[in-house]
Structures are given as C-alpha cells and as structure tokens.
Amino acid sequence: MPFVPADAATVHEIHGARFTSYASTASGSTELCAWRLDVPAGSAGVPHTVGREEILLLLGGSLLITLDEEERTVLPGDIAIVPAGTVLRVDNPDDRPAQAWVTTSIGLTATLPDGSVLTPPWAS
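These notes cover the structure that comes with them. Fair warning: this is a prediction, and the values are worked out from it, not measured in the lab.

Rules and cut-offs
- Residues numbered from 1 in each chain as written.
- Predicted model: local features only at pLDDT ≥ 70, side-chain atom pairs only at ≥ 80, totals over all residues.
- Heavy atoms only, no water.
- Helix = DSSP H or I, 4+ residues; strand = E, 2+ residues; numbered from the N terminus.
- Buried < 20%, exposed > 50% of the residue type's maximum accessible area, 1.4 Å probe, protein only.
- Pairing = 2+ DSSP bridges.
- Axes fitted to C-alpha atoms, helices over the stretch in contact; angles between N-to-C directions.
- 1 Å grid on protein atoms, 1.4 Å probe; cavity = no way out; pocket = protein on both sides within 12 Å on 5 of 7 lines; lining within 4 Å.
- Points joined across faces, edges and corners; volume = space filled by probe spheres on them.
- Nonpolar A, V, L, I, M, F, W, Y, C, P; charged D, E, K, R; others polar.

Before going further, it helps to spend a moment on unusual backbone geometry. The backbone of His 15 sits at a positive phi, close to 55 degrees, despite the residue not being glycine. Position of His 15 among the secondary structure elements: in the loop between β1 (10-14) and β2 (17-23). Under the relative-accessibility criterion, His 15 is labelled partly exposed at 48%.

Moving on, we get to the sheet that holds β1. Taken in spatial order, the 6 strands of this open sheet run β1-β2-β3-β10-β5-β8, and their pairing is antiparallel. On the outer flanks of this sheet lie β1 and β8 (79-82), each paired with one strand and no other. Sheet twist, expressed as the mean angle between neighbouring strand axes with direction ignored, is 25 degrees.

Moving on, we come to empty space enclosed by the protein. Counted by the stated rule, this structure contains 2 cavities of 30 Å³ or more. Roughly 400 Å³ of internal volume is contained in the largest cavity. What lines the largest cavity is a set of 26 residues, among which Ala 17, Phe 19, Leu 37, Val 46 and His 48 lie closest to the centre. Listing elements by their share of the lining of the largest cavity, those giving two or more residues are β2, β3 (32-39), β4 (48-50), β5 (54-60) and β9 (87-91). Its residues assigned to classes, the lining of the largest cavity shows 20 nonpolar, 5 polar and 1 charged.

See below:
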C-alpha cells in the first residue's frame with residue numbers, strides 16, 4: 001500500500017517510550033521502516049546496540065543522545081546518524097516531551113545490556 005493514513009499507524013510502547021509505526025512490512029514497505037518516537041519528559045533510555053543504521057530527526061523538544069561514548073543534546077531539526085553496531089541511548093532530561101522521526105532498514109535488532117536481543121515489531 002503506497003499510502004498509509006495516520007489512523008492506520010500501529011502504536012507500541014516499551015521502556016517508557018511510544019513507537020508509532022507508519023512504514024514497515026505490515027504497511028507494504030519492502031526495504032525501509034519509519035516511526036515516530038515519543039519520549040516522555042524526564043525519562044532515561046535503555047542503552048542498546050543497534051544492528052542496522054538508524055537516522056533520527058528531532059521534531060520537537062530536545063533529547064540527550066549518546067552514541068557509544070559521544071553525548072549530544074539534539075534540538076528540533078537536528079539529525080543523529082546511528083551507525084550499525086553503535087551503542088545508542090536516548091534520554092529526555094527536559095521537563096517537556098520530545099518527538100523524533102526514525103528511519104532504518106527492515107530487520108533492525110537491538111541488543112540490550114543483558115545480551116538479550118529485541119526485534120522491534122515497528123522495524124520489521
């Protein structure tokens with residue numbers, strides 16, 4: 001399906017964040033997936049190693065993004081390019097929620113600190 005209406009998006013919640021999936025194999029995409037990430041104010045993310053490159057575009061608020069050991073505050077319009085194999089952590093120490101648009105290739109995995117591997121349904 002080449003068009004996905006907003007009300008057809010699928011919402012997933014994990015680790016205190018909301019992932020609203022718009023493009024995935026379920027919506028007809030064959031190579032890429034994309035979702036809106038909503039991060040509540042004052043939240044601390046879980047570090048995880050990404051299995052595929054991700055691109056995060058901040059839409060609103062601000063986020064503290066850590067890529068391996070490099071930490072940066074991103075603001076609306078800023079982009080974070082997360083190479084495959086990078087340890088990613090997304091925190092929102094601000095007092096207001098933040099939103100980002102995330103794109104990656106289908107088949108993304110996230111390896112958590114305990115060694116478990118998450119295959120996010122919004123990235124399949």
